Amino acid sequence: AALLCALYLYRPASAQARLFIWRTSAGLFAEAPLSGHGIGSFQWEYMPRQARYFEAHPSAPEQMVADNTGYPYNEALHAAAETGAAGLVLACAVFIVAWRKSADGNPRAVALPAIAAWLLFAQFSYPADVFPLLLAAACLLGCLDTPPAASLPHGKMPAAALLFLWGIAGLGCFRLGHFYHRASSCLSSLHGRPNAPALHFAEKHYERLKNNVTFNATYLFRLARHSDNPTDRDILRDIIPTAESYCLLGDYFRRTGLPQEAESAYETARHMVPTRMMPAYKLWRLPRALQDTARAVDMARRMATQPVKVNNAFTINARRKANEFLRQSP
């Protein structure tokens with residue numbers, strides 16, 4: 001208890017942010033306690049829930065520590081939110097079964113403490129989302145000397161069948177690795193001025209790659225930033241929700257003549273991270289472009305009093321413009 005208190009007092013803002021993330025993630029688990037929201041769904045489910053919370057509690061003190069969040073900083077909560085109780089029980093069972101001692105009672109002396117350290121680290125961070133750390137956990141589990149859960153019958157036929165399955169699995173891994181190597185080259189091109197083959201590859205394999213966080217944050221962010229095509233609307237619904245991505249989404253809706261959709265995206269972005277000035281600034285500019293002075297005045301007043309984490313050149317300039325607009329308004 002003393003150690004936990006000391007860690008909390010060492011960086012209280014970080015501790016409060018994690019406590020808020022854990023509470024919000026627990027809410028995701030409560031929404032679907034048995035099966036969860038689906039593997040890989042946390043990136044798409046968390047920020048909208050955070051936005052709903054701040055929309056319902058506009059004066060909540062957590063707004064000063066809230067930010068864009070892609071991980072729950074607790075692997076147990078991560079498993080619970082994405083796979084529900086079923087996945088959480090299965091994950092616990094893997095570690096419990098692997099922890100059993102063998103008949104001679106001599107587990108690997110290094111593996112057990114290392115797994116314990118990994119599990120402790122997993123309660124405050126996201127090692128399962130860092131591939132080398134996830135691979136390390138699998139290797140450590142494999143080092144434990146545990147009795148086999150099942151064994152294959154001896155003979156040439158079982159060995160040939162096992163070799164055949166290994167060959168099929170190896171071929172599948174090779175093809176998958178080659179595909180993702182091509183996808184990586186495509187993403188490198190999309191960062192700058194993309195060439196036609198890269199765009200064609202991204203469009204052709206979009207359904208296969210859209211749940212990849214790196215691809216989503218590269219291709220869809222670029223589409224939201226530059227596209228004027230109204231038919232991209234359905235694709236952009238898949239964008240990973242953050243305050244920045246929803247600002248870009250609002251810009252896309254504004255360019256394609258959908259001001260109500262743009263306002264909704266900006267408003268959601270404002271609730272996602274209440275201390276960000278950019279969504280409020282865009283919400284102020286939108287009614288001005290539509291000649292809606294009353295709403296522009298209301299948004300300018302919000303900008304003048306909005307709390308921010310850090311004052312920078314943009315926030316200072318945005319407040320200055322809002323105050324000038326208020327002085328000139330009747």
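Since we're looking at a predicted model, the values are computed, not measured.

Enquirer: So what's going on with the overall build of the protein chain? Residues and values would help.
Expert: Within the protein chain, the regular secondary structure consists of 16 helices and zero strands. Counting every position in the protein chain, which comprises 330 residues, the buried fraction comes to 36%. Within the protein chain, contacts between residues at least 6 apart in sequence are counted, and of these 63% link residues at least 24 apart.

Enquirer: Explain the layout of surface pockets to me, using residue names and the numbers behind them.
Expert: Volume-wise, the largest pocket comes out at about 1,000 Å³. Forming the walls of the largest pocket are 38 residues, and the residues nearest its centre are Glu75, His78, Ala79, Ala128 and Leu134. Ranked by the residues each element gives to the lining of the largest pocket, the list is headed by helix α4 (residues 75-99), at 14 residues. Residues of the lining of the largest pocket, tallied by class, amount to 24 nonpolar, nine polar and five charged.

Enquirer: Lay out the pattern of salt bridges in plain terms, naming residues and giving numbers.
Expert: All chains considered together, the criterion is met by 19 salt bridges. Between Arg23 and Glu62 there is a salt bridge whose closest N-O contact spans 2.8 Å. Placement of the pair is Arg23 in helix α2 (residues 12-31) and Glu62 in the loop between α3 (42-56) and α4, with a sequence separation of 39 residues. Taking the relative accessible area as the measure of exposure, Glu62 reaches 15% and is therefore buried. The partner of Asp238 in a salt bridge is Lys210, and the shortest N-O contact between them spans 4.0 Å. Of this pair, Asp238 sits in the loop between α11 (233-236) and α12 (243-255) while Lys210 is found in the loop between α9 (206-209) and α10 (213-226), placing the two residues 28 residues apart along the sequence. Residue class for Asp238 comes out partly exposed when judged on its relative accessible area of 24%. Accessibility expressed as a relative area gives 19% for Lys210, which makes it buried. Ionic contacts of the salt-bridge type, sharing partners, join the residues Asp67, Glu244, Arg276 and Lys309 into one network.

Enquirer: Describe the packing of α4 against helix α5 (residues 111-122), listing the residues and the values that go with them.
Expert: Taken N-terminus to C-terminus, the directions of α4 and α5 make an angle of 170 degrees; their axes are 14 Å apart at the nearest point. With respect to each other, α4 and α5 are oriented roughly antiparallel. Where α4 abuts α5, its residues Glu75, Phe95 and Trp99 lie against Leu112, Ile115, Ala116, Trp118, Leu119 and Ala122. When grouped by side-chain class, the residues that make up the contact of α4 with α5 number eight nonpolar, no polar and one charged.

Enquirer: I'd love a proper account of the packing of aromatic side chains, names of residues and values included.
Expert: Each aromatic ring pair is described using two quantities: the centre-to-centre distance and the angle formed by the ring planes. Across all of its chains, the model carries 16 aromatic pairs by this definition. With centroids separated by 5.6 Å and ring planes inclined at 55 degrees, the aromatic side chains of Phe20 and Tyr53 adopt a geometry described as tilted. Of this pair, Phe20 sits in helix α2 while Tyr53 sits in helix α3, and the two are 33 residues apart along the sequence. Here Phe20 falls in the buried class, since its relative accessible area comes to 3%. With a centroid separation of 5.5 Å and 80 degrees between ring planes, the pair formed by Tyr281 and Phe314 is classed as edge-to-face. You can see Tyr281 sitting in helix α14 (residues 277-289) and its partner Phe314 sitting in helix α16 (residues 313-328), a full 33 residues away along the chain.

Enquirer: So, the nonpolar core: which residues are in play, and what are the values?
Expert: If you look at the biggest cluster of nonpolar residues, it comprises 57 residues, and the most contacted ones within it are Tyr219, Trp284 and Met303. Counting residues per element, this core draws most heavily on α12, which supplies seven residues. Not counting chain neighbours up to four residues away, the residues in contact with Met303 comprise Met277, Ala280, Tyr281, Trp284, Ala318, Arg319 and Ala322.

Calculation notes
Residues numbered from 1 in each chain as written. Predicted model: local features only at pLDDT ≥ 70, side-chain atom pairs only at ≥ 80, totals over all residues. Heavy atoms only, no water. Helix = DSSP H or I, 4+ residues; strand = E, 2+ residues; numbered from the N terminus. Buried < 20%, exposed > 50% of the residue type's maximum accessible area, 1.4 Å probe, protein only. Contact = heavy atoms within 4.5 Å. 1 Å grid on protein atoms, 1.4 Å probe; cavity = no way out; pocket = protein on both sides within 12 Å on 5 of 7 lines; lining within 4 Å. Points joined across faces, edges and corners; volume = space filled by probe spheres on them. Nonpolar A, V, L, I, M, F, W, Y, C, P; charged D, E, K, R; others polar. Salt bridge = Lys/Arg side-chain N within 4 Å of Asp/Glu carboxyl O. Axes fitted to C-alpha atoms, helices over the stretch in contact; angles between N-to-C directions. Parallel < 35°, antiparallel > 145°, perpendicular 65-115°, else oblique. Phe/Tyr/Trp six-rings, centres within 6.5 Å; stacked < 30°, edge-to-face > 60°. Core = buried A, V, L, I, M, F, W, Y, C linked by side-chain atoms within 4.5 Å.

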